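Architecture at a glance
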Amino acid sequence: MEKRRKVGNPLALAVLAWLMLGPMHPYELARRLEESEQDRNIKYNRGSLYMVVKQLAKAGFIAEQETVRDTQRPERTVYALTPEGRAELHDWLSELVAQPRHEYPHFGVALSLLAVLPPDETVRLLTARNAALTAEIAEIRGRVDAAIAQGVEWVFLVEERYRAALLDAESGFAAELIEAMRDPDHIRKWHEQFGSRT
């Protein structure tokens, strides 16, 4: 069963994980999130990052370590992971890895209502989707290959490999659906049920 978290935003989990490397100020955390392209998996902006940092501090998962004063920039507060934060990171990450969670992707919503679209239009739309999926898969694989060539450890690329695997599965599913939509029996039944209403 999913546990209720004091700070449940996935961005909080990323902040806790980055602070495992050592104390940082939010600006540094933002830079690392962007450089590692984790913003592809976690929605955030600078404002939401600062809000999450405050929430984590209030929950006792991180603590102010020092304030850095630099004449060139405004003062920056450096935060460090607390023992409670380390325990929360481990517990939360363990839960996410071990327990499947039902999510509500937009494509799933579209599929649940797909019957109202004419079969020929559905084929056209799914074909366009598959072309976009194929391009995205190629882009991800290219990025992974380039990172490996630069010596990046595979464990730092698992989320991209996971994304490519999901897109591969979706593309295969869409191809099967396209064939099913072209079935003359399906087309006839669709026209019997919806043809007069379009």
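Refer to the preceding data block for the structure.
To keep things clear, this report deals only with the structure shown in the data block. It should be emphasised that the depicted structure is a prediction, and the values quoted were computed from it without experimental measurement.

Turning our eyes to something else, we now look at the overall build of the chain. Each helix and strand counted, the chain has 8 helices and 2 strands in total. Relative to its length of 198 residues, the chain is extended, with a C-alpha radius of gyration of 23 Å against a globular reference of 16 Å. In terms of principal-axis extent, the alpha carbons of the chain reach across some 70 × 40 × 35 Å. Considering the chain as a whole, with its 198 residues, one finds that 32% of them fall into the buried category. Here the contacts in the chain between residues at least 6 apart in sequence split such that 62% fall between residues at least 24 apart. By element, 56% of the accessible surface of the chain is carried by carbon and sulfur atoms, the whole surface being about 13,400 Å². Across the chain, the mean location of the 26 positive side-chain charges is 5 Å away from that of the 30 negative side-chain charges.

In this section: the layout of surface pockets. Taken as a whole, the second largest pocket spans an internal volume of roughly 170 Å³. Along the walls of the second largest pocket sit His25, Pro26, Tyr27, Tyr50, Val53, Lys54, Glu75, Arg76, Thr77 and Tyr79, which together make up its complete lining. Going through the elements one at a time, α2 (26-35), α3 (46-59) and β2 (73-81) are the ones with two or more residues in the lining of the second largest pocket. Looking at which element gives the most residues to the lining of the second largest pocket, the answer is β2, with 4 residues. In terms of residue class, the lining of the second largest pocket is made up of 5 nonpolar, 2 polar and 3 charged.

Going through the model one piece at a time under the given rule, you end up with 16 salt bridges. Because the salt bridges share partners, they merge into one network encompassing Arg5, Glu88, Asp91 and Glu95.

About the thresholds
Residues numbered from 1 in each chain as written. Predicted model: local features only at pLDDT ≥ 70, side-chain atom pairs only at ≥ 80, totals over all residues. Heavy atoms only, no water. Helix = DSSP H or I, 4+ residues; strand = E, 2+ residues; numbered from the N terminus. Rg over C-alpha atoms; globule rule 2.2 N^0.38 Å. Buried < 20%, exposed > 50% of the residue type's maximum accessible area, 1.4 Å probe, protein only. Contact = heavy atoms within 4.5 Å. Areas by Shrake-Rupley, 256 points an atom, 1.4 Å probe, with all protein chains shown as cover. Lys, Arg positive; Asp, Glu negative; His and termini not counted. Charge placed at Lys NZ, Arg CZ, Asp CG, Glu CD. 1 Å grid on protein atoms, 1.4 Å probe; cavity = no way out; pocket = protein on both sides within 12 Å on 5 of 7 lines; lining within 4 Å. Points joined across faces, edges and corners; volume = space filled by probe spheres on them. Nonpolar A, V, L, I, M, F, W, Y, C, P; charged D, E, K, R; others polar. Salt bridge = Lys/Arg side-chain N within 4 Å of Asp/Glu carboxyl O.

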